[in-house]
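Structural overview
The chain contents come next:
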Amino acid sequence: MPVRSNNLLNKRELRYFLEINSFVVLFISIVAWLYLREIQAKSLITLFFTIAILTAVLNFLLIVFLSEKPALSCWISIIAFDLVVAIMSMATGGIESRIPYLFVFPVVFAVYFQKVRGGIIQSAIALLLVYVLTQFEYTSSYSGEQLLLFPSPITKNLSYFLVYALVFAFFTAATSYFSNIIRRQERDFLKYRVSSEGILNAVPSGILTLSPENKLVFSNKSAREILREDELTEFLEVVSDEPESRRNEIRIGERILGYSQNALEDGTKTIVFQDLTEVKKLEEERRELEKLAFLGELAANLAHEIRNPIQAINMAMELLISGRASPNDEFLKSVMYDAERLSQVVNKFLHYAKIPEVKVEDVNLYELVNMVFYDIVRMFVDKVTLRNNIPEDYKIQADPVRMEELFSNLFRNSFEAKTKDFIDVDLIQPGEELPLVDGNRYRASVTSVLLRDYGEGMDEEVKMRAKELFFTNRKEGTGFGLSVCERIMKAHGGSLKIFSVKGKGTDIILEFG
């Protein structure tokens, strides 16, 4: 919004004033034409329209040549308007005409743009012209029109003078009062806008405001620093027609931008964006470091797992070669056991290292859980009952082979943890809550499956490391089971969570994101 300097009108307000000025004169001419054509006053009609045209031309010239001096242009237009009102008044009855009341318009504009002082000056000019009008008497027979100079009685002059003086004083005071209110609101708005723009310019994120027609209305300092003008145009072409979104990413040239947009009720859009290029580079570097750290840990664990059976086999071969041991059945079985264990570690490691390929289809979860459980239960002598609380017709989008492997590992862990009597499987819909074995309550944000056993449970240390590769607290364990399960869930866009209490049991929650 343009700010008025020294209480003078700016270019935009000057243009509005001159347009209103021209419109008022034209409107008066049209109204006069509608009235005067009935009485065939052609000369007056010609006069009025000539004045309207000249006023419009004058105001146009002021806009073109004197727009840099709005105060001077304003006063020229006001004085010209005064003269137009005076001429029209003389042509329609002098002081008896109603047209002199139009002197109120320039009084109002003068007060608004030049304060009370401008109103007083314009009121003085108008009163002077009113006095001049009182010195003329207009007579018309419509066959011959005459404007005669007949001084009116002093009492008549004084009464007209006082009436107009009171009218001008009233409008000067009223306009001054309301213009002060408007100016105060304008100052408050400007102060608020400057403050708001200062805050928005201090924000490190780019902020854009678009009109309902997708025209750029506002951009803060950060937006202009992040994107060049051509990049900003390309960015807006892509995102302006998109529906309201919470978070998206887009590549503009060499930059990666994260953005979100919100639409207001009137159709205005606000877009907030950040330059994520450096963040993405740091994330990529972090992932590379994590990979290297993981590979280092993996290599150390794999070397540890392989070293023991290799040492045992090597020692057996040395004893056999040196003749200190005979190749009997028991000796050979010991060597084969270590070789089988070595092969098992390598195979499971290769299986873990391979990226799971997921072939998604409709899977009846109830039937799959039952099938896997009854395949596993044959391998153990303990009598355990499955309480499958999943609806019989419930289906999910998943890879059936991977789901079988997942539940096979989980059921095997439950049996090895010596679960007592039961294994429970429950379906938890988003928003539902279930109590956990550790006393807390779990509230699902996505479709989830709870698998609960009543076995040995885990202490805090074991629970924290349960999903680590090669970690196991069982003599015959390899430490792959839960690690593989977590990879399968991640391949399905989900996650695996563990809740356990030593001596009470374990809850495994599968979240299908």
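Cut-offs applied
Residues numbered from 1 in each chain as written. Predicted model: local features only at pLDDT ≥ 70, side-chain atom pairs only at ≥ 80, totals over all residues. Heavy atoms only, no water. Patch = residues over 30% accessible without salt bridge, like charges linked within 9 Å, V, L, I, M, F, W, Y side chains within 5 Å. Areas by Shrake-Rupley, 256 points an atom, 1.4 Å probe, with all protein chains shown as cover. Salt bridge = Lys/Arg side-chain N within 4 Å of Asp/Glu carboxyl O. Helix = DSSP H or I, 4+ residues; strand = E, 2+ residues; numbered from the N terminus. Core = buried A, V, L, I, M, F, W, Y, C linked by side-chain atoms within 4.5 Å. Buried < 20%, exposed > 50% of the residue type's maximum accessible area, 1.4 Å probe, protein only. Contact = heavy atoms within 4.5 Å. Phe/Tyr/Trp six-rings, centres within 6.5 Å; stacked < 30°, edge-to-face > 60°. Lys NZ or Arg CZ within 6 Å of the ring centre and 35° of its normal. Expected span 1.5 Å × (residues − 1). pLDDT = per-residue confidence, 0-100. Axes fitted to C-alpha atoms, helices over the stretch in contact; angles between N-to-C directions. Parallel < 35°, antiparallel > 145°, perpendicular 65-115°, else oblique. Left-handed = near helix turned anticlockwise from the far one by under 90°. Nonpolar A, V, L, I, M, F, W, Y, C, P; charged D, E, K, R; others polar.

1. A closer look at a nonpolar patch on the surface
Taken together, the side chains of I53, V57, F60, L61, V64 and F65 present a nonpolar region at the surface, about 610 Å² in accessible area. Looking at the secondary structure, you find V57 in helix α2 (residues 42-65).

2. Thoughts on the nonpolar core
Core analysis: the largest hydrophobic core is formed by 38 residues, its most contacted members being M403, L406, F407, F411 and L510. Mapped onto this core, the elements with two or more residues apiece are α10 (365-377), β10 (395-398), α11 (400-416), β11 (422-428), β14 (448-453), α13 (481-491), β15 (495-501) and β16 (505-511). Ranked by residue count, the leading element in this core is α10, at 7 residues. Other than its neighbours up to four places away in sequence, M403 contacts L368, I396, A398, I488, H492 and F512.

3. Quick notes on the packing of aromatic side chains
Inspection of every chain in the model, using the stated rule, returns 8 aromatic pairs. Between F23 and F27, the ring centres sit 6.1 Å apart and the planes meet at 25°, which makes this aromatic pair stacked. Taken as a pair, F23 and F27 lie in helix α1 (residues 11-36) at a separation of 4 residues, close to a single helical turn. Relative to F411, the ring of F407 has its centre 6.2 Å away and its plane inclined at 35°; by these criteria the two rings are tilted. Here F407 pairs with F411, and both are found in helix α11, just 4 residues apart, close to one helical turn. An aromatic cluster is defined as three or more aromatic residues linked by ring pairs; in this entry it consists of F373, Y374, F407, F411 and F415. Here R387 stacks its cationic end above the ring of F422, 3.9 Å away from the centre of that ring.

4. Examining α2
For an α-helix the count is 3.6 residues per turn, leaving residues at separations of three or four pointing the same way. The terminal C-alpha atoms of α2 lie 34 Å apart, and with 24 residues this matches the ideal 34 Å at 1.5 Å per residue to within 8%. Those residues of α2 lying buried are L44, I45, F48, I51, A52, T55, N59 and L62.

5. Overview of the confidence of the model for the chain
Taken residue by residue, the chain gives an average pLDDT of 77. The fraction at 70 or more is 77%. Considering each helix and strand of the chain separately, the mean pLDDT is smallest for strand β2 (residues 145-149), with a value of 46, and largest for β14, with 94. Counting contacts from residues 1-7, a segment whose pLDDT is below 50, to residues more than four positions away or on other chains yields 16 contacts. Across residues 138-150, where pLDDT falls below 50, the model places 28 contacts with residues more than four positions away in sequence or in other chains.

6. Details of the packing of α10 against α11
Helices that pack against each other are described as a pair by the angle of their axes relative to one another and the distance between those axes. One way to put it is that α10 packs onto α11 with a least axis distance of 9 Å and a crossing angle of 50°. The angle between the axes of α10 and α11 places the two elements in the oblique class. For α10 against α11, the interelement crossing comes out right-handed. Each of L365, L368, V369, M371, V372, F373, I376 and V377 in α10 lies in contact with α11, whose residues at this interface are P400, M403, E404, F407, S408, F411, R412 and F415. Residues belonging to the contact of α10 with α11 are distributed by class as follows: 13 nonpolar, 1 polar and 2 charged.

7. Considerations on the packing of α2 against helix α3 (residues 70-91)
At a closest axis distance of 11 Å, the pairing of α2 and α3 adopts a crossing angle of 180°. Of the possible angle classes, the one that applies to α2 and α3 is roughly antiparallel. Here α2 contributes L44, L47, F48, I51, T55, L58, N59 and L62 to the contact with α3, which in turn contributes S73, I76, S77, A80, V84, I87, M88 and A91. Per-class residue counts for the contact of α2 with α3 are 12 nonpolar, 4 polar and no charged.

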